[in-house]
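One letter stands for each residue in the lines below.
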Amino acid sequence: MHWADYTAQRLMQRGDRQVSASGITPSGEFHIGHLREILSAEMIHRACMDAGMNSKYIFIVDSMDPLRRVYDFLSPGYEDYIGCPLAFIPAPLEDGSPGDGSVTYADYFLKPFLDALEQIGVSPEVVMNHETYEKGLFAEYIDLAIRNRDEIRGIIQQISGRDLPSDWFPYNPIGSDGSMDGVSVTGYEKPYVFWRDSSGNEGKSDIRKAHGKMPWRIDWAARWVIHGITCEPAGKDHGAAGGSYDTGIPICKLLGGNPPDKIVYEWIQLKGMGPMSSSSGLTIGPMEALSLVPPEILRYVIARSKINRHIEFDTGSALFQTADEYERLVANPVQDVKEMSKRQMVAAETQRGAIRLSQVNPESDPIDSVGGVSFRHLSMLAQIKSSDGDVWSSLNRSGHIKGEPSDSLKVRLARMRNWIDGPHFPEDAKLEIRSEIGDDARGEIGTTGINFLRKLESLLSECEWTDAGISESISEACESTEVTRKQGFASIYWAIIGRSNGPKASSLIFEMDRGNILSLLGNAKLE
RNA sequence: GGGCCUGUAGCUUAGUCAGGUAGAGCGCCGGGCUUUUAACCCGGUGGCCGGGGGUUCGAAUCCCCUCAGGCCCGCCA
C-alpha cells in the first residue's frame with residue numbers, strides 16, 4: 001500500500017473529518033525541498049478523500065515569523081528589520097535592498113511558490129499566520145499559555161532538555177520599532193501583555209491582535225487546536241527526539257486540543273550533475289524544476305519514494321529514468337493476476353498508488369498525461385532536430401505517435417528544449433558534434449573504419465541529401481568496403497560525436513551542415 | 001552525549017506496520033524487427049534481503065546485539 005493510503009487508513013480511526021496541514025516560513029526563495037513538505041501533506045489529504053473521508057488541506061504560511069538575520073541575498077539595509085514579522089516588512093528589490101513596502105516580504109517569496117503549486121495541482125486553503133493573530137483566533141490559547149506558563153516551560157525544558165531563562169514568557173510582544181527582539185515582558189492583564197523594549201520604550205500588546213506572537217513550539221501546538229489539524233507531516237528536524245513535535249503534542253493537549261500523530265518526512269538532497277555544482281550550493285526552485293519536467297513527473301519524484309527515505313533530486317540521468325519509469329507504469333499498469341503472490345500484489349498496489357497521487361488533476365485519467373515517447377529518445381530528437389515539425393514526423397515514422405502530437409507531448413518537447421539549453425542537462429545525454437576526429441576516436445575506428453569513412457564521404461558528396469539518401473549511402477559504404485554494419489555505424493559515431501553509439505546516424509548527419517560533415521570525413525586518416 | 005532514518009541483484013529500489021516459497025525497472029547478455037546502432041518487441045543472466053544471535057512449524061519482515069552510511073538535536077522542510 002502506498003504510504004499516503006496507509007496514513008489515511010490510520011487517520012480514519014480518528015474520525016471522518018481530516019485536516020492536513022503544511023507550514024513554511026517564507027524567509028527566502030522556496031526550493032524543491034519545500035515541495036516535499038507540501039506534497040507529503042497534500043498526498044495524504046488526497047488519499048483521505050479517496051478513502052471517502054471529509055478532508056481538507058491547508059497551507060499555513062509563517063508570515064508572523066520574524067526576520068532572523070540579514071541573509072546573503074539581502075542588503076545591510078535589512079539590519080533594521082531583524083526581529084520584525086515577515087508580513088510587516090517590505091520585499092527586497094533586485095539589488096537586495098528593502099523596497100517601498102507595496103509588496104510585503106512574505107508575499108514576495110510566497111507568490112511564485114503558489115504559482116508553482118497550482119501547476120502541480122495543489123490548491124491549498126492558504127492561511128497567513130499573521131492574519132490568524134490579527135483575527136484574534138490565537139487569543140484564547142495565548143491566555144491559556146500565559147496562565148500555564150510554568151507547566152509549558154516545564155514541558156519544554158524536560159522534553160527538549162533545553163534551559164529556558166527565568167524571564168521566559170510564552171508570548172513575544174512587538175516593541176515600538178516593530179521588532180520582537182530585545183522586548184521584555186513586564187506584566188500581563190488579559191488581554192494585554194505589557195512590555196519594555198530595547199530602547200526603553202514601554203507599551204502593551206493586545207493578544208487579540210497581531211501585536212506579537214507565541215514562540216514556535218507553542219505557536220505550532222496552538223494552531224493544531226485552532227485549525228483542528230489531524231495530520232501535519234514535519235521535516236526530520238522537527239521530528240528529532242526532543243524536537244518541536246515531541247513538545248508540541250503535550251502542549252497541544254494542555255491547550256485543550258487533540259494533537260496529530262507524529263509523521264516525519266526525510267529531506268530532499270540535491271544531487272549535482274557532476275562534481276561542479278555539489279560544492280556550489282546551487283539550489284533548484286520549484287519553478288525551475290517545472291521548466292524542465294512536467295508537473296506529474298515532479299509529483300512522482302515525491303510519490304514514488306517512501307516518506308522516510310532520502311530523495312536525491314538529480315537533474316541528470318536519474319531524472320530521465322524516473323520520468324521514463326512514470327511513462328512505463330502509466331502505459332502498462334501492473335494488473336493483479338491470480339498467480340501473484342501477496343507480496344507482488346502489495347507492490348503493484350503501491351505503484352498504482354504512486355501513479356494515482358502523481359496526477360495533477362486527481363480526477364484525470366493518468367493515461368492522458370503520458371507522451372508516449374521516452375524522455376531519452378525525445379532528448380535525442382530534440383537535439384538533432386531544430387524544428388518541432390521534424391521531431392513529430394520522426395516520431396510518426398518510428399511509430400511512436402500517429403498523426404498530430406498530443407498536447408502533453410508538445411509540452412514535453414518544449415520543456416525538454418529548456419532542459420537541454422539550461423545548466424542542468426546531464427553531460428552524458430549531450431550530443432556534441434565534433435569538427436574533427438579526435439585521437440581517442442581514431443584508435444577506435446581503425447584502418448578498416450577509416451577506409452569506410454572515406455568511402456562514405458565520397459558517397460555523401462553525391463547522394464540526395466535526405467534521410468533516406470544518407471541512409472542508402474551508409475549501407476553502400478558498408479557493402480563496398482566490406483565492413484559490418486555494426487562496425488560502420490560505430491565508426492560514424494566515433495567520428496561525429498566521439499562515442500560508440502548514438503541516435504539514428506542518417507538523421508544525425510542530415511541535421512548537420514553538409515560541408516562540415518564532408519570535411520570531417522574527408523580528413524579521416526590513420527595517424 | 002542524546003535520538004532518528006537507511007543498508008535487499010552492477011545501479012535505483014518494492015516488499016518490513018498485519019511473518020508464509022525473494023519482486024520490479026534500469027544495465028548487461030542473446031534473439032527478433034529485412035534496419036531509428038540511445039526506437040520497438042521477445043527471452044535470459046543476476047540477490048546466503050549489512051553481519052550475528054533469538055522467538056517461531058516458518059523471519060527481509062518481530063526481539064536483542066553488532067557493523068556501515070546519512071541526518072537531526074540553533075524557531076532552517
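Quick note: structure is the one above.
Residues numbered from 1 in each chain as written. Chains lettered and ligands numbered in written order. Predicted model: local features only at pLDDT ≥ 70, side-chain atom pairs only at ≥ 80, totals over all residues. Heavy atoms only, no water.

### Looking at the side chain of Asn129
Stated precisely, the cut-off is as follows: Each helix corresponds to a stretch of at least 4 residues labelled H or I by DSSP, and each strand to a stretch of at least 2 residues labelled E; elements are numbered beginning at the N terminus. Between N or O atoms, a polar contact is any pair within 3.5 Å; within protein, one atom must be a potential hydrogen donor and the other a potential acceptor, and residues adjacent in sequence are included only when both atoms are from side chains. Any two residues whose heavy atoms approach within 4.5 Å at even a single point are treated as in contact.
Along the chain, the position of Asn129 falls in helix α4 (residues 129-134). Within the structure, Asn129 has its side chain in polar contact with the side chain of Asp219 (distance 3.3 Å). Contact partners of Asn129, with chain neighbours within four places excluded, come to Ile60, Val61, Asp62, Ser63, Met64, Phe138, Asp219 and Arg223.

### Quick word on the packing of aromatic side chains
Put simply, the rule reads: Think of it this way: a Phe, Tyr or Trp ring, Trp meaning its six-membered ring, pairs with another when their centres are within 6.5 Å, and the plane angle makes it stacked under 30 degrees, edge-to-face over 60, tilted otherwise. Burial classification: accessible surface area is computed with a 1.4 Å probe over protein chains only, and a residue below 20% of its type maximum counts as buried, one above 50% as exposed, and the rest as partly exposed.
Counted according to the given criterion, the structure contains 18 aromatic pairs. Taking 4.2 Å as the distance between ring centres and 10° as the angle between the ring planes, the aromatic pair formed by Phe30 and Phe113 counts as stacked. Of the two residues, Phe30 sits in the loop between β1 (17-24) and α2 (32-50) while Phe113 sits in helix α3 (residues 105-119), which places them 83 residues apart along the sequence. Accessibility assignment for this pair places Phe30 and Phe113 in one class, buried. Seen in terms of ring centroids, Trp220 and Tyr245 are 5.0 Å apart; in terms of plane orientation they differ by 70°. Their pairing is edge-to-face. A residue pair is termed long-range when its members are at least 10 positions apart, and Trp220 in helix α7 (residues 216-227) and Tyr245 in helix α9 (residues 244-254) qualify at 25 residues. Judged by relative accessible area, Trp220 falls into the buried class, the value being 1%. Relative accessible area serves as the criterion here: at 0%, Tyr245 is assigned to the buried category. Through a chain of ring-to-ring contacts, the aromatic side chains of Tyr71, Phe73, Tyr78, Tyr81, Tyr105, Tyr108 and Phe109 assemble into a single cluster.

### Section: a negative patch on the surface
Where we set the bar: Only residues whose relative accessible area exceeds 30% and that form no salt bridge enter a patch; like-charged residues are grouped when within 9 Å of one another, and nonpolar side chains (Val, Leu, Ile, Met, Phe, Trp, Tyr) when within 5 Å. A 1.4 Å probe and the Shrake-Rupley method give the accessible areas. Residues count as covered only by the protein chains that appear here. By definition, a salt bridge exists where a carboxyl oxygen of Asp or Glu is found within 4 Å of a side-chain nitrogen of Lys or Arg. When charges are tallied, Lys and Arg are placed among the positive residues and Asp and Glu among the negative ones, while His and the ends of the chain are skipped. Note on charges: their place is set at NZ of Lys, CZ of Arg, CG of Asp or CD of Glu.
On the surface, Glu79, Asp80, Asp177 and Asp181 cluster together to form a negatively charged patch. Relative to the assigned elements, Asp80 resides in the loop between β2 (54-61) and α3. The exposure class of Asp80 is exposed, given its relative accessible area of 63%.

### Section: the protein's contact with RNA strand B
The line we're drawing: Working definition: residue near molecule or strand if any one of its non-hydrogen atoms lies within 4 Å of it. Classification used: nonpolar for Ala, Val, Leu, Ile, Met, Phe, Trp, Tyr, Cys and Pro, charged for Asp, Glu, Lys and Arg, polar for all others including Gly.
Not every one of the 48 residues close to RNA strand B is listed here, only the nearest: Tyr6, Tyr265, Ser398, Arg485 and Gly502. Elements with a minimum of two residues in the surface near RNA strand B: α2, α8 (236-239), α13 (317-331), α14 (342-358), α15 (375-384), α16 (388-397) and α20 (485-497). Among the residues forming the surface near RNA strand B, the class breakdown is 14 nonpolar, 16 polar and 18 charged.

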